[in-house]
Amino acid sequence: QTLYTSTAYATLRGHWLQGEERVTVALRPSNNGDQAVDVEILSYSKPCGWIGHLVWPIVGPLQSQFFRSQMEYFQKEAATAAASSPKRERGIMQKLDKR
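Since this is a predicted model, take the numbers as computed values, not measurements.

### Things to note about the pattern of salt bridges
Inspection of the entire model under this criterion finds two salt bridges. A salt bridge links E40 to R22; the nearest nitrogen and oxygen atoms lie 3.0 Å apart. Of this pair, E40 sits in strand 3 (residues 35-47) while R22 sits in strand 2 (residues 17-29), and the two are 18 residues apart along the sequence. Of the residues examined, E40 reaches a relative accessible area of 15% and is grouped as buried.

### Observations concerning the pairing of strand 3
Bridge count for strand 2 against strand 3 is 13 bridges, and the pairing is antiparallel. Bridge assignment links L17 to a residue of strand 3, and that residue is P47. Linking strand 2 to strand 3, which pair antiparallel, is a turn of five residues; within it G33 sits at a positive phi near 90°.

### Some remarks on a nonpolar patch on the surface
On the surface, a nonpolar cluster with roughly 480 Å² of combined accessible area is contributed by W16, W50, I51 and L54. Relative accessible area serves as the criterion here: at 38%, I51 is assigned to the partly exposed category.

### Things to note about the pairing of strand 1 (residues 3-10)
Among the eight residues in strand 1, zero count as buried, and that is only a small part of the element. Looking at chain direction, strand 1 and strand 2 are connected through eight bridges and run antiparallel. In the strand pairing of strand 2, A10 is matched with E20.

### A look at the side chain of T24
Turning to its location among the elements, T24 is positioned in strand 2. A relative accessible area of 15% means that T24 is categorised as buried. At 2.9 Å, the side chain of T24 forms a polar contact with the side chain of S6. Residues contacting T24, with those up to four places away along its chain left out, are Y4, T5, S6, D38, V39 and E40.

### Digging into the packing of aromatic side chains
A full pass over the atoms with the stated rule returns one aromatic pair. Relative to F74, the ring of Y73 lies with its centre 6.3 Å away and its plane at 55°, an arrangement referred to as tilted. Of the residues examined, F74 reaches a relative accessible area of 33% and is grouped as partly exposed.

### Overview of the environment of A10
With respect to the helices and strands, the residue A10 is situated in strand 1. Along the primary structure A10 and E21 are separated by eleven residues, whereas in three dimensions their C-alpha atoms are 6.5 Å apart.

Reading the values: the criteria
- Residues numbered from 1 in each chain as written.
- Predicted model: local features only at pLDDT ≥ 70, side-chain atom pairs only at ≥ 80, totals over all residues.
- Heavy atoms only, no water.
- Salt bridge = Lys/Arg side-chain N within 4 Å of Asp/Glu carboxyl O.
- Helix = DSSP H or I, 4+ residues; strand = E, 2+ residues; numbered from the N terminus.
- Buried < 20%, exposed > 50% of the residue type's maximum accessible area, 1.4 Å probe, protein only.
- Pairing = 2+ DSSP bridges.
- Patch = residues over 30% accessible without salt bridge, like charges linked within 9 Å, V, L, I, M, F, W, Y side chains within 5 Å.
- Areas by Shrake-Rupley, 256 points an atom, 1.4 Å probe, with all protein chains shown as cover.
- Polar contact = N/O pair within 3.5 Å; in protein donor to acceptor, adjacent residues only side chain to side chain.
- Contact = heavy atoms within 4.5 Å.
- Phe/Tyr/Trp six-rings, centres within 6.5 Å; stacked < 30°, edge-to-face > 60°.

Right, dumping it as structure tokens:
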């Protein structure tokens, strides 16, 4: 049996950046009788209003860099955990949708 948990949030109406983020974690049985963890992160943002469009050229790349650094951290931690416990299978999935 696979167990899921998920959390999501979105910016409020009128915020100069509109966006949503969802993090889902799944704990599932693996082929070797152990358990595996899958992590999915969906992140979406865009400028809104004149202030948002004014700051987006700076804020947009900063958000992207922050997201990439977080995924690199998750991947490093998963590799460390897998190396210290070879029976555990670790999986990380990432989705980044910027429109």
